[in-house]
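In case you want the letters, here they are:
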Amino acid sequence: MLPGMKVVRTVHDMQTVAADLKRSGQRIALVPTMGALHEGHASLMRKAREQEVRLVVSIYVNPTQFGPHEDFKQYPRDLEADTRVCQREGVDVLFAPADDEMYPGGALTTWVHETKLETRFEGERRPGHFRGVCTVIAKLFNIVQPDIAVFGKKDYQQWKIIEHLARNLCYPVEILSAPVVREPDGLAMSSRNQLLTAAERAQATVLWKGLNVARDLFNGGERSPHRLEAAIQRTVSLAPVARLDYAAIADAETLEPVHEAQHGNVALLAAYIGSTRLIDNAIL
């Protein structure tokens, strides 16, 4: 048993803790995060704790998944508050490395790259994003040696890519997912919500409204993906501060476009609310 939550700041120490746990016959669950923890993250921790595991939460704002004009410097950081969340949720190990621990020596020459699922949506809009995601997840898997890793479905495309990553690179890691956690007004919980002004926050609910309009039309018999996507676009455009980046109906596993919407397809969207970019999704 670990005496309370252990905070680990170096790769070497995390590897040592993981090796000790493995030697004692214990299984490890990993919840990778970029901090600014909220109830959505807490739900992932609780999902992990349903297993017979020791729970490791990583907090690392990964620079390689941000583009040159994205919000890396503005991304919210509050390790003290995050530590309290982890303690409250019964986390065994908090792994919070610095950049020079995760990327020693500066620029990388070796990357992990998923070439199929990343070509659309977030991968198309944010070149290099999923290369950074896959690389840091591969690093975390090597450092923490988890038996289980838990990801949220809010980042739907990321979840599917990491499933492929684990399978294709033969990581002995079971990938679990947890549902999107929403505010009472429907807005998907996100660390980036902290960047919204009060007026922007009030209008951000238009994203969930757009997805629900598409689902209502689908449930009413509409099967044209183009008309469902157009309905999302019209709904989002009702908010003066909103600018839609994309709305799409896709196959839930392959993320390929569909010619006719079917039960189980996923509706995906990304939009700017003011200068803050948010994503959301819903299953038809």
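Data block above holds the structure.
Keep in mind that what you see is a predicted model, and the values were worked out from it rather than measured.

S.K.: I would appreciate a short explanation of the sheet that holds strand S8 (residues 266-273) in the present structure.
M.R.: Two strands in a sheet stick together by hydrogen bonds in their backbones, pointing the same way (parallel) or opposite ways (antiparallel). Taken together, three strands build an open sheet; the order of strands is S7-S8-S9 and the sheet is antiparallel. Of all strands in the sheet, those with a lone pairing partner are strand S7 (242-250) and strand S9 (276-283), marking the two edges. Neighbouring strand axes in the sheet, compared pairwise and without regard to direction, differ in orientation by 15° on average. Sheet topology places S8 next to S9; eight bridges connect them, and they run antiparallel.

S.K.: Honestly, the packing of helix H9 (residues 206-219) against helix H10 (residues 225-236) in this entry has me stumped. Any pointers?
M.R.: For any two helices packed against each other, the geometry is given by the interaxial angle and the distance between the axes. With their axes 8 Å apart at the nearest point, H9 and H10 run at an angle of 145° to one another. H9 and H10 meet at a crossing whose hand is right-handed. Across from Val206, Leu207, Lys209, Gly210, Leu211, Val213, Ala214, Leu217 and Phe218 in H9, the residues of H10 making contact are Leu228, Ala231, Ile232, Thr235 and Val236. Per-class residue counts for the contact of H9 with H10 are eleven nonpolar, two polar and one charged.

S.K.: Whenever I open this one, H9 confuses me. Can you help?
M.R.: Because each turn of an α-helix spans 3.6 residues, side chains separated by three or four positions end up pointing in the same direction. The terminal C-alpha atoms of H9 lie 20 Å apart, and with 14 residues this matches the ideal 20 Å at 1.5 Å per residue to within 8%. Elements in contact with the buried residues of H9: helix H8 (198-203), H10, S7, S8 and S9.

S.K.: So what exactly am I meant to see when it comes to the packing of aromatic side chains here?
M.R.: Working definition: an aromatic ring pair is given by the centre-to-centre distance plus the angle between the planes. The full count for this structure, using the stated rule, is six aromatic pairs. A ring pair is formed by tyrosine 60 and tyrosine 103, whose centres lie 6.3 Å apart and whose planes are at 40°; its orientation type is tilted. A residue pair is termed long-range when its members are at least 10 positions apart, and tyrosine 60 in the loop between strand S3 (54-59) and helix H3 (79-88) and tyrosine 103 in the loop between helix H4 (99-102) and helix H5 (122-125) qualify at 43 residues. Ring centres of tyrosine 156 and tryptophan 159 lie 5.2 Å apart, and the angle between their planes is 90°; this geometry places the pair in the edge-to-face category. You can see tyrosine 156 and its partner tryptophan 159 sitting in helix H7 (residues 156-168), three residues apart, about one turn around the helix. Using a relative accessible area of 8% as the deciding quantity, one classes tryptophan 159 as buried. Each member of the aromatic cluster is reached from another via a ring pair, and the members are Phe66, Phe72 and Tyr75. The positively charged end of arginine 77 is found above the aromatic ring belonging to phenylalanine 72, 4.8 Å away from the centroid.

What counts, and where the lines are drawn
Residues numbered from 1 in each chain as written. Predicted model: local features only at pLDDT ≥ 70, side-chain atom pairs only at ≥ 80, totals over all residues. Heavy atoms only, no water. Pairing = 2+ DSSP bridges. Helix = DSSP H or I, 4+ residues; strand = E, 2+ residues; numbered from the N terminus. Axes fitted to C-alpha atoms, helices over the stretch in contact; angles between N-to-C directions. Left-handed = near helix turned anticlockwise from the far one by under 90°. Contact = heavy atoms within 4.5 Å. Nonpolar A, V, L, I, M, F, W, Y, C, P; charged D, E, K, R; others polar. Expected span 1.5 Å × (residues − 1). Phe/Tyr/Trp six-rings, centres within 6.5 Å; stacked < 30°, edge-to-face > 60°. Buried < 20%, exposed > 50% of the residue type's maximum accessible area, 1.4 Å probe, protein only. Lys NZ or Arg CZ within 6 Å of the ring centre and 35° of its normal.

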